[in-house]
Amino acid sequence: MTLHSDVAELLAGAGILDVDVDDAVADEHVRGSAYQRVVSVTASSRSRDRDRAIVATILRDPHEMGSKTAVVALVDRIAMKVTGPAEFQQWSAELLPEIDQLKTEGYREFIRRRIHDRLFYLSVKDGHVPTTAELAKVTDWMQRVLAEESTSPAVLALLAESANTKKTRDIAKNRAGSRKLRTK
């Protein structure tokens, strides 16, 4: 497969007809934007059958940073769409062999971390109250997302006490305090 055929296949499969394939091949920014559109269409689909093939195709792109960014966007979108952690874990496990094809270890690790973070997020959303040790294994970004979005008093208390950054601890403390006021 060539980059040209990969881009053409992705665009056609997503029904995106207004992107010039030659322009996308010549310009990594045009291609990155096209990948984001492909990810949007892919995530909107009810079927997950083509996701692994789409990820494999995107990750063949020689511009690994752009392809990593597109795959992370797909991970984020699917995590927000699944019914729970088990479904996301099964979906993401199918992608790992494709992710391992990336040449740059840092990009492989970034995607793996995002998958781990999203799985953690889904388990908390599903009612799991993490331990301090479990919280320490997620990124500062995920801790902040939880501080900003969690409605669990126990999770907010844990974050207020144990989050890695002062900003995240403060967000959790403020949200926990405002939740107490609203419940009175």
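In case you missed it, the structure is sitting above this.
The numbers attached to residues start from 1 for each chain and follow its sequence in the written order. Restriction of local features to residues with pLDDT of at least 70 applies here, the model being predicted, together with a cutoff of 80 or more for giving and counting side-chain atom pairs; totals for whole chains, interfaces and linings are based on all residues. Computation of side-chain values: all heavy atoms of the structure, hydrogens and water removed.

Caption draft 1: A look at the side chain of Glu98. Starting at the N terminus, helices and strands are each numbered in turn, a helix being any DSSP run of H or I of at least four residues and a strand any DSSP run of E of at least two. Mapped onto the elements of the fold, Glu98 is located in helix α6 (residues 85–99). Apart from the residues within four sequence positions on either side, Glu98 is in contact with Arg52, Val55, Ala56 and Leu59. Pairs of residues are marked as contacts when any of their non-hydrogen atoms sit within 4.5 Å.

Caption draft 2: A look at the packing of aromatic side chains. Each Phe, Tyr or Trp ring (for Trp, its six-membered ring) is paired with any other whose centre lies within 6.5 Å, and the angle between the two planes then decides the class: stacked below 30 degrees, edge-to-face above 60, tilted in between. Taken as a whole, this structure holds one aromatic pair when the rule is applied. Counted as over-ring charges are cases with an Arg CZ or a Lys NZ within 6 Å of the ring centre that also lie within 35 degrees of the ring normal. Positioned above the aromatic ring of Trp141 is the side chain of Arg114, whose terminal nitrogen or guanidinium carbon lies 3.9 Å from the ring centre. Stacked on the ring of Tyr121, the Lys or Arg Arg118 has its end atom at 5.7 Å from the ring centre.

Caption draft 3: Region of the structure containing the packing of α6 against helix α7 (residues 105–125). For the pair α6 and α7, interaxial distance at closest approach is 10 Å and the crossing angle is 175 degrees. One way to sum up the angle between α6 and α7 is to call them roughly antiparallel. From α6, Pro85, Phe88, Gln89, Ser92, Leu96 and Ile99 reach across to α7, where they touch Arg108, Ile111, Arg112, Ile115, Arg118, Leu119, Leu122 and Ser123. For the contact of α6 with α7, the residue count by class is eight nonpolar, three polar and three charged. Helix axes use the C-alpha atoms of the stretch in contact, all axes being lines fitted to C-alpha atoms, and the angles between their N-to-C directions lie in the range 0 to 180 degrees. Any angle that is under 35 degrees is reported as roughly parallel, and any over 145 degrees as roughly antiparallel; angles of 65 to 115 degrees are reported as roughly perpendicular and all others as oblique. When residue character is reported, Ala, Val, Leu, Ile, Met, Phe, Trp, Tyr, Cys and Pro are called nonpolar, Asp, Glu, Lys and Arg charged, and the others, Gly included, polar.

Caption draft 4: Just the packing of helix α4 (residues 51–59) against α6, in detail. Close contact between α4 and α6 brings their axes to 9 Å; oriented N to C, the two are set at 30 degrees. Here α6 runs roughly parallel to α4, going by the angle between their axes. Relative to α6, α4 is oriented so that their crossing is right-handed. Contacts between α4 and α6 pair Asp51, Arg52, Val55, Ala56 and Leu59 from the former with Trp91, Glu94, Leu95, Pro97, Glu98 and Ile99 from the latter. It is the rotation of the near helix from the far one that decides the hand of a crossing: anticlockwise by less than a right angle makes it left-handed, clockwise makes it right-handed.

Caption draft 5: Region of the structure containing the pattern of salt bridges. The salt bridge definition used is simple: a Lys or Arg side-chain nitrogen within 4 Å of an Asp or Glu carboxyl oxygen. Per the counting criterion, the structure on display carries 13 salt bridges. With its nearest N and O atoms 2.9 Å apart, the salt bridge here joins Arg60 to Asp6. Taken together, the positions of Arg60 in the loop between α4 and α5 (64–79) and Asp6 in helix α1 (residues 3–14) put the pair 54 residues apart, joining distant regions of the chain. With a closest N to O distance of 3.0 Å, Arg118 and Asp76 form a salt bridge. Of this pair, Arg118 sits in helix α7 while Asp76 is found in helix α5, placing the two residues 42 residues apart along the sequence. Exposure class is identical for Arg118 and Asp76. Each is buried. Among the charged side chains, a network of salt bridges with common partners joins Asp100, Glu105, Arg108, Glu109 and Arg112. Throughout this description, buried means an accessible area under 20% of the type-specific maximum (1.4 Å probe, protein chains only), exposed means over 50%, and partly exposed covers the range between.

Caption draft 6: Representation of the environment of Ser5 in the model. Tracing the chain through its elements places Ser5 in helix α1. Judged by its relative accessible area of 29%, Ser5 falls in the partly exposed class. Residues Ser5 and Met80, spaced 75 residues apart in sequence, show a C-alpha to C-alpha distance of 31 Å. The definition of a polar contact used here is a pair of N or O atoms within 3.5 Å, where within protein one atom must be able to donate a hydrogen and the other to accept one, and adjacent residues in sequence count solely through side-chain atom pairs. From its side chain, Ser5 meets the backbone oxygen of Thr2 in a polar contact 3.0 Å long.

Caption draft 7: Representation of the side chain of Ser150. Tracing the backbone shows Ser150 in the loop between α9 (140–149) and α10 (153–162). Of the residues examined, Ser150 reaches a relative accessible area of 9% and is grouped as buried. For Ser150, the side chain forms a polar contact with the main-chain nitrogen of Ser152, separated by 3.2 Å. Residues contacting Ser150, with those up to four places away along its chain left out, are Val145, Val155, Leu156 and Arg175.

Caption draft 8: Representation of the nonpolar core within the structure. The term nonpolar core refers to a set of buried residues drawn from Ala, Val, Leu, Ile, Met, Phe, Trp, Tyr and Cys, joined through side-chain atoms within 4.5 Å. Counting residues in each nonpolar core, the largest one holds 53 residues, and the members touching the most others are Leu11, Ile58, Phe88 and Leu159. Ranked by residue count, the leading element in this core is α5, at eight residues.

Caption draft 9: Just a negative patch on the surface, in detail. Here the term patch refers to residues with relative accessible area over 30% and no salt bridge, with like charges joined within 9 Å and nonpolar side chains (Val, Leu, Ile, Met, Phe, Trp, Tyr) within 5 Å. Shrake-Rupley sampling with a 1.4 Å probe provides the accessible areas, and residues are treated as covered by the protein chains on show and by no other component. The charge count treats Lys and Arg as positive and Asp and Glu as negative. His and the chain ends do not count. We put the charge of a Lys on NZ, of an Arg on CZ, of an Asp on CG and of a Glu on CD. A cluster of acidic residues, Asp20, Asp22, Asp23, Asp27 and Glu28, forms a negative patch on the protein surface. Inspection of the secondary structure assignment puts Asp23 in helix α2 (residues 21–26).

Caption draft 10: The environment of Met142, seen in detail. Position of Met142 among the secondary structure elements: in helix α9. Setting aside residues up to four positions removed in sequence, Met142 forms contacts with Asp117, Arg118, Phe120 and Tyr121.

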